[in-house]
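Coordinate inspection notes
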Amino acid sequence: MLHPTPHEQNQGIPIIEIQALSCGYGNQPVLSNVTLDIYRGDFVGFLGPSGSGKTTLLRAILGATNIYSGEILIDQIPISAKRPRIGYVPQLETIDWNFPVTVEEVVLMGRTMDNIIFPWYSAADKEITYEILHRLGIYNLRKRHIQELSGGQQQRVFLARALVSNPSLLLLDEPTTGVDIKTRDEVMHLLHDLNHQGITILLTTHEINAVAAHLPTVICMNNAIIAKGSPANVFTPENFLKTYGAELLVIQHQGMTLVAESPHLDNNKERL
Amino acid sequence: MFEPFQYEFFIRGMVAATLVGGLCGLIGVYIVLRQMAYIGHGLSHAIFGGAVVSYVLSINFFLGASAWGFLSALIITFTARRKEIAADAAIGIVTTASFALGLALISRYKTFTRNFDAALFGNILGVSGQDLAAIIVVSLISVVAIILGYKLLLFTAFDREVAHFHGVPTGWIDTGFSLILAATIVVSLQVLGVTLIASAIVIPPIVARLLTNSFMKMIILSSIIGSLCGLCGIYLSFYIDVSSGATIVLFSTALFSIVMAYTSLRNKSRLRRMSNLSEM
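Keep in mind that what you see is a predicted model, and the values were worked out from it rather than measured.

What follows deals with the overall build of chain B. When helices and strands are tallied, chain B shows 12 helices and zero strands. For 280 residues, the compact-globule estimate of 2.2 N^0.38 gives 19 Å, and the C-alpha radius of gyration of chain B, at 20 Å, lies within 12% of that figure. Along the first, second and third principal axes, the C-alpha atoms of chain B reach 75 × 55 × 30 Å. By the burial criterion, 47% of the 280 residues in chain B qualify as buried. Within chain B, contacts between residues separated by at least 24 positions form 73% of all contacts whose residues are at least 6 apart in sequence.

Right, dumping it as structure tokens:
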């Protein structure tokens, strides 16, 4: 089987509560009136076209957008009151791969704010860093420069940096964009494992079949939330029309939901 | 060989050049890694304006020029916040205006034109005790700040946005760094001059980068290379009777060329070895 079974979802008090949120950058609104609860142990993928606000929603949770109205609470505390402990993995293409840092140096960055009195990393910082490097199978690469790694290893380095601060919440911006198929499956397996260990995971993706279809929960977005639920329930032609403004063919095959990602179905019909 | 050391002015100049070289090498690492080389070049021009204004208003040169440089850096940051204006354009506007203001004041009050040759091209043999004291103070403060802020500066330089998400006060880091940069350029003016400072800020870090992949090693190497260039440059200038600032720059450029050639050859031979191995 490609991916392990999804983790059992716990209900109860949400880890993230987004209440009637409208936000954007400067005076440019991106999301309007978004209300969403995420529970501990959830594994959620955000789908939507470019500019639909997937990344903006992640950034809003991190406190990096202008909030015009509404509120975001994490563990019942507004993010404006206290900076929450969140692991964040940026898109790999935003990284300066020529920067002179080793794997270990990058991962230790995640511990920067854990002891700010000393200018050096503590023994405890190093201990947890080595433990995570072992867990992700990149301990023996720790002295390597970040450019001397494969795509999957590079993704693991930034995952490790997000994990060393012991977050209960992990956000990833398009973790499978620009990586090969093997790396993509490797990363998704790793994320499923982490989710099974109790970490709540939110990610954005463009890949409907390869990524979103394997997640327990998907959310379709287009500057607002169009649909939320299991892929089997959310992947309908109506929802895709509202999300992408295009008709996508949805096929049920041996219990799997497959989506034909062809944007010009109408033209094809005419030609047939 | 020891002839120049009998002159007090030479020893003072040599100490100043060594310290300024090391200081620029140290600060330059962050400038080069954040691809801000142009700001070093620009700020030195802006500070020239500040130096002239301080003189006209009879304010202490070090305080006046540093404040002016810091203010210019803030105005650049502020201007570049407008989406239509890229950072390099903002630097071009602000620093050149400041430089022009300095020139305008000089041409208006022609009487003190001669004093500013040193600020433009450097006059290391005219380094006074007060200049040297300022260089020592700024060097000490910079070294302490860079050691204390090591983790914060590294995270901010590598991945500013994620550093911010982790709670690193990136705005304050930038402001503090601008202050140190402005002070560094002010104390380096006497040694290297407005027109030559950029190379002291850019060449040592680049040479260090060619030689190492580790951030910590790059900082240490760059400071040592900067100091060495200062020291060797001024020593050479005594014998070949060429201006000290120009000799320091040409010496470091020569060093850069050698290291560049060496690392290119090394990389080529590594590639050849690797392809030989894969053929086997």
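For the rest of this paragraph, the subject is the nonpolar core. Counting residues in hydrophobic clusters, the biggest one holds 151 residues, and the most contacted among them are A160 and L171 of chain A together with V20 and I47 of chain B. Among the domains, domain 1 (1-86 + 168-246) and domain 2 (96-166) of chain A are the pair contributing at least three residues each to this core. Every residue in contact with V20 of chain B, bar those within four places of it in the chain, is listed here: I135, V187, S188, V191, L192 and G230 of chain B.

All names here are of chain A. With mixed pairing, six strands are arranged side by side in an open sheet as β6-β7-β8-β3-β9-β10. Of all the strands in the sheet, the pair left with one neighbour each is β6 (87-89) and β10 (225-229). Between one strand axis and the next, the sheet turns through 15 degrees on average, direction left out of account. Two elements, β6 and strand β7 (residues 169-172), share three bridges in a ladder whose sense is parallel. Bridge pairing in β7 places V89 opposite L172. In this fold helix α4 (residues 151-163) packs onto β6 and β7, with an angle of close to 160 degrees to the strand it touches most, β6. Seen against the sheet, helix α7 (residues 237-244) touches β3 (43-47), β9 (217-221) and β10 and runs at an angle of roughly 140 degrees to β10.

What follows deals with the interface of chain A and chain B. In this assembly, 16 residues from chain A lie in contact with 21 residues from chain B. When the residues that make up the side of chain A that touches chain B are grouped by side-chain class, the tally is 10 nonpolar, three polar and three charged.

With that settled, consider the domain arrangement of chain A. All names here are of chain A. When cut into domains, chain A gives domain 1 (1-86 + 168-246) and domain 2 (96-166). Look at where the C-alpha atoms of domain 1 and domain 2 centre, and you get two points 25 Å apart. Contacts between domain 1 and domain 2 engage nine residues on the former and six residues on the latter. It is helix α5 (residues 181-196) that provides the largest number of residues to the side of domain 1 that touches domain 2, a total of four residues. Taken together, the residues that form the side of domain 1 that touches domain 2 break down as five nonpolar, one polar and three charged.

All names here are of chain A. When β9 meets β10, the two strands line up antiparallel, connected through four bridges. The partner of I219 across the bridge, within β10, is K228. Hairpin remark: β9 followed by β10, antiparallel, with three residues in the connecting loop; positive phi at N223, about 60 degrees.

Each value, and the rule that gives it
- Residues numbered from 1 in each chain as written.
- Chains lettered and ligands numbered in written order.
- Predicted model: local features only at pLDDT ≥ 70, side-chain atom pairs only at ≥ 80, totals over all residues.
- Helix = DSSP H or I, 4+ residues; strand = E, 2+ residues; numbered from the N terminus.
- Rg over C-alpha atoms; globule rule 2.2 N^0.38 Å.
- Buried ≥ 20, exposed ≤ 12 C-beta atoms within 10 Å, placed from the backbone.
- Contact = placed C-beta atoms within 7 Å.
- Core = buried A, V, L, I, M, F, W, Y, C linked by C-beta atoms within 7 Å.
- Domains from an automatic or database assignment.
- Pairing = 2+ DSSP bridges.
- Axes fitted to C-alpha atoms, helices over the stretch in contact; angles between N-to-C directions.
- Nonpolar A, V, L, I, M, F, W, Y, C, P; charged D, E, K, R; others polar.

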